[in-house]
Amino acid sequence: MNRNDSESVLDLLQEVKPFGSVLIVGLGMIGGSFAKALKERGLATLYGADRREGELALGVSTGVIDHPAALTEEYIARMDVIILATPVRAMESVLLEIQPYLKATTLLTDVGSTKGSVISAAKKVFGEVPANFIPSHPIAGAEKSGVLAANSQLFEKHMAIVTPLVSSDPVLLDRLHQLWVAVGADVVSMDVEHHDHVLASSSHLPHLLAYTLVDALANSDRSQDVFKFAAGGFRDFTRIASSDPVMWRDVFLSNKDATLATLDHFTERLSVMRSAIEQGDGASMFGVFTRAKSARDHFLRLLEQRTSKVIKEVKPVTISVAPASSIKGDVSLSGDKLLSHKAITLASLSHGVSHLRNVDLTGDVRVTMQAFRDMGVVIEEVASNQLRVHGVGLKGLQAPIAPINVHQSGVSLSLLLPVLAGQSFPVTLIGEGALLNQPMKELFDIARSMGGHVMTATADCLPVSLAPSNSQRVSLVLSNGSKKLHAAAMFAMLYCPKGSEFRACRQGVSQIKTLFSCFGLDIAIDDRVVSLVPTTPQGTDIELPGDVNQTAWLALSAALSPGSRLSIQNALIGEMASPYLPFLKRIGANLRIIEKASGGFSVGTVNVSFSPLSSFELSADEVYCLREELTFVCVAAAYASGVSVIRGVSDLPYYYEDRILSLIDALMHVGIVCEYSSGNLLITGGMPSGGEVDCAGDDRLALAMLTLGLRSKEITKVNDCQKLLEEFNELESITAQLGFHCAVMQ
């Protein structure tokens, strides 16, 4: 076969490759990796050009490229794509060499870490930036250099930034996006100036600090011992000082202005930290460290999302309950979950330091706590279930570096939304899972009534973006009796002018009123109209009472179990809790309450022992007041003698009704006779058969189903209990302590 025949065959092969002929100018680690990635995937015929003849020879011998090339008409004119992977200060000379032969249809790009200097070089050579020259930059690399460091997987799950100009050819721009995607990168677009400032902060400054630190320590009097005893932290921080010095010299000379601006900002912050150390200002130091950890954790989460190829498997959790348990002993419960959310919020917005004791720090309470940490609030975990919160005042929050993720916590969203609507910075809240599909018009309307600009997804669902504006006097009427909605309205009034008010629903707001008073806030309630004088809350020292939901569950469990003798030491009682405990007493539970004062809250010891329960009838108003504990009420009916009537279930907010409908299915599955019609529920007491039921991930429903299995004929298994263990992580220890025979299985 002669030379012409060989070239014809080569041309034919090139036609079927997606990117045709690709020339890599500069066979360093980045250029070599790009070539190797395209070649291994069969996406192009690879040519390489490099002034270092040894690197070019290695590129061919190791299979990184197919053919060596030169910057002559013979090669430049036939290329479909040319990638400039030379040092940024060499760009101008390379562009001068290829300019006479470059076709308008050839996609020309670069991989340099600065863009302004590259654009300037192109303008010098061409007079203006050609439409086919579109700069780009992969956010990937290593400390190694040369073609032997080429890695075909280097760009997988890494960002590639494309910086098009107004004059860029849209067809070639699309092709450039395809090129980066083809080697595994996630492509984003950015303007040139923004790119250079972002990279000056995220890449150039860290390299400058690493080089300077190592140089300073190497020239210190104690340099030998410094390096001798340096550990992993020093190694990790200074790793990037092993990068190519020539390349980084060129980077700093090419991106001088952006680097200096970033360096000045860092120097200013470093000076503040020096002053904090000099003055022994531990709170300021802790604040910096807390915000830095939050930002670092956010970065790691983003990195994990980009690089993770495997979706983590969530193993379903089943809890089995053996019948014939008897609940015996004394227990002091972790703080009420809803009060924990609210206390952390108030403490964060207070003037001064708050000490919060017996705080529930499980489940979604940490979502609320992390949100405030992300906005600059110093929150110290000083002991088990104890926090020291350094409040920043009503308007002292700082803009977070990213959207605030409330995950699946509707409580966190309800408390954060009005607080953020009152700040001076724009912010976006996002969520996950089922929370994304829940319409939240009433909640968002509270923020709208404050005068804020509220932008939401379709049907008033998450995500939601808030833009600051002047607060205005509000007068709200809440049609929904949700405690979360009432709390949102209370926090909204902190940011509204004097005279703002809202009309509460059927059940009062005494619990949150007491909590607000602990922080020096005076709430007035007149015929269900709630108002307060907006003022900055003051730091306080409080101990939260035990969780109301857990108290309700344990009290019913003990009342149903023969041989039980239970004492709950720190129960929230009276009007501040709910009518639930009086209801249990009314239907025959052997229950006694001993009240004691505790920082403004009505707290007492609840003693419960077994007693047969009688059937009952509840009006729609009574059902509404018991809506939070209604699943436990239904389980009580399942064991009571006779037929119990529960009216007005359909009048409840939809999520309460859905929960009860799921419980009805479970009751019927274990042999309890139920009739549900026109919103009224009839339950005939009996003996559950046991078996397998599903709580659909609802932690309150799961607790009710566990109680249902206490006296069933056989073992009861409750499926999908992951959320329960997240929200109540003391479940296993408390049940073991009190003799509640249950086992967790995955």
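For clarity, every value in this text was computed on a predicted model and none was experimentally measured.

1. Overview of the environment of A57
- Here A57 is to be found in helix α3 (residues 53–61).
- A sequence separation of ten residues divides A57 from H67, and the C-alpha atoms of the two residues are 9.6 Å apart.

2. As for the sheet that holds strand β21 (residues 529–532)
- Ordered in space as β18-β19-β21-β20, the four strands form an open sheet in which the pairing is mixed. Edge positions in the open sheet fall to β18 (475–477) and β20 (523–526), since each of these has one partner strand only. Within the sheet, the average angular offset between the axes of one strand and its neighbour, ignoring direction, is 20°.
- Strand direction decides the pairing type here: β18 and strand β19 (residues 501–503), joined by three bridges, are parallel. Its bridge partner lying in β19, S475 is registered against E501.

3. Notes on the packing of aromatic side chains
- For the coordinates displayed, the defined rule picks out twelve aromatic pairs.
- Each ring, one from W553 and one from F728, has its centre 5.8 Å from the other, and the planes form 90°; the classification is edge-to-face. Of the two residues, W553 sits in helix α20 (residues 548–560) while F728 sits in the loop between α26 (722–727) and α27 (731–738), which places them 175 residues apart along the sequence. By the burial criterion, W553 is buried, and F728 matches it.
- Three or more aromatic residues link up through ring pairs in this structure, and these residues are F34, F155 and W180.
- Above the plane of the ring of Y655 lies K484, whose end atom (NZ or CZ) is 5.9 Å from the centre.

4. Considerations on helix α17 (residues 441–449)
- Three or more residues of α17 are buried, namely L443, F444, I446, A447 and S449.
- Those residues of α17 that are buried lie in contact with α16 (410–421), β16 (453–457), β17 (461–467), β18 and α18 (483–493).
- After α17 finishes, the residue G451 shows a positive phi value of roughly 95°.

5. Brief notes about the packing of α20 against helix α25 (residues 699–708)
- At a closest axis distance of 10 Å, the pairing of α20 and α25 adopts a crossing angle of 10°. By the criterion of interaxial angle, the relationship of α20 to α25 is roughly parallel. When α20 is examined against α25, the residues N549, W553, L556, S557 and L560 are found in contact with a partner set consisting of R700, L703, L706 and T707.
- Among the residues forming the contact of α20 with α25, the class breakdown is five nonpolar, three polar and one charged.

6. Focus: the pattern of salt bridges
- Scanning the entire structure with this criterion turns up 23 salt bridges.
- The closest approach of N and O atoms between R52 and D50, which form a salt bridge, is 3.0 Å.
- D50 gets classed as buried once you look at its relative accessible area, which sits at 16%.
- Between K124 and E92 there is a salt bridge; the shortest N-O distance is 4.0 Å. In this pair, K124 is assigned in helix α6 (residues 116–126) and E92 in helix α5 (residues 91–98), connecting sequence segments 32 residues apart.
- What makes K124 exposed here is its relative accessible area of 62%.
- By relative accessible area, E92 is classed as partly exposed at 32%.
- Residues joined by salt bridges that share partners form a network here, namely K441, D445, R448 and D460.

7. A few points about α3
- Within the sequence span of α3, burial applies to E55, L56 and G59. Looking straight down α3, one finds that the buried residues subtend no more than 100° of arc, so they occupy a single side. Away from the buried face of α3 by more than 90 degrees, exposed residues E53 and S61 are located.
- Next to the buried residues of α3 lie β2 (45–49) and β3 (67–68).
- With its phi angle positive at about 80°, G63 sits one or two positions after the end of α3.

8. What about the sheet that holds strand β29 (residues 680–684)?
- Pairing within the open sheet is mixed, and its four strands lie in the order β26-β27-β29-β28. Of all the strands in the sheet, the pair left with one neighbour each is β26 (617–618) and β28 (673–677).
- Here helix α23 (residues 630–639) sits on the sheet in contact with β26, β27 (643–646) and β29, set at roughly 40° to β29.

9. Observations concerning the nonpolar core
- Counting residues in each nonpolar core, the largest one holds 157 residues, and the members touching the most others are L356, F372, L429, F516, Y580 and I646.
- Residues contacting L429, with those up to four places away along its chain left out, are I404, V406, L413, L416, L417, L420, L462, P463, V464 and L466.
- M29, I83, L179 and A185 belong to the second largest nonpolar core, which has 37 residues in total.

10. Overview of the packing of α16 against α18
- Close contact between α16 and α18 brings their axes to 8 Å; oriented N to C, the two are set at 20°. Taken as axis vectors, α16 and α18 run roughly parallel relative to one another. Crossing of α16 over α18 shows right-handed handedness. Side by side, α16 and α18 meet where G410, V411, S414, L415, P418 and V419 of the first sit next to K484, A487, A488, F491 and A492 of the second.

Conventions and cut-offs
- Residues numbered from 1 in each chain as written.
- Predicted model: local features only at pLDDT ≥ 70, side-chain atom pairs only at ≥ 80, totals over all residues.
- Heavy atoms only, no water.
- Helix = DSSP H or I, 4+ residues; strand = E, 2+ residues; numbered from the N terminus.
- Pairing = 2+ DSSP bridges.
- Axes fitted to C-alpha atoms, helices over the stretch in contact; angles between N-to-C directions.
- Phe/Tyr/Trp six-rings, centres within 6.5 Å; stacked < 30°, edge-to-face > 60°.
- Buried < 20%, exposed > 50% of the residue type's maximum accessible area, 1.4 Å probe, protein only.
- Lys NZ or Arg CZ within 6 Å of the ring centre and 35° of its normal.
- Contact = heavy atoms within 4.5 Å.
- Parallel < 35°, antiparallel > 145°, perpendicular 65-115°, else oblique.
- Nonpolar A, V, L, I, M, F, W, Y, C, P; charged D, E, K, R; others polar.
- Salt bridge = Lys/Arg side-chain N within 4 Å of Asp/Glu carboxyl O.
- Arc of directions from axis to C-beta.
- Core = buried A, V, L, I, M, F, W, Y, C linked by side-chain atoms within 4.5 Å.
- Left-handed = near helix turned anticlockwise from the far one by under 90°.

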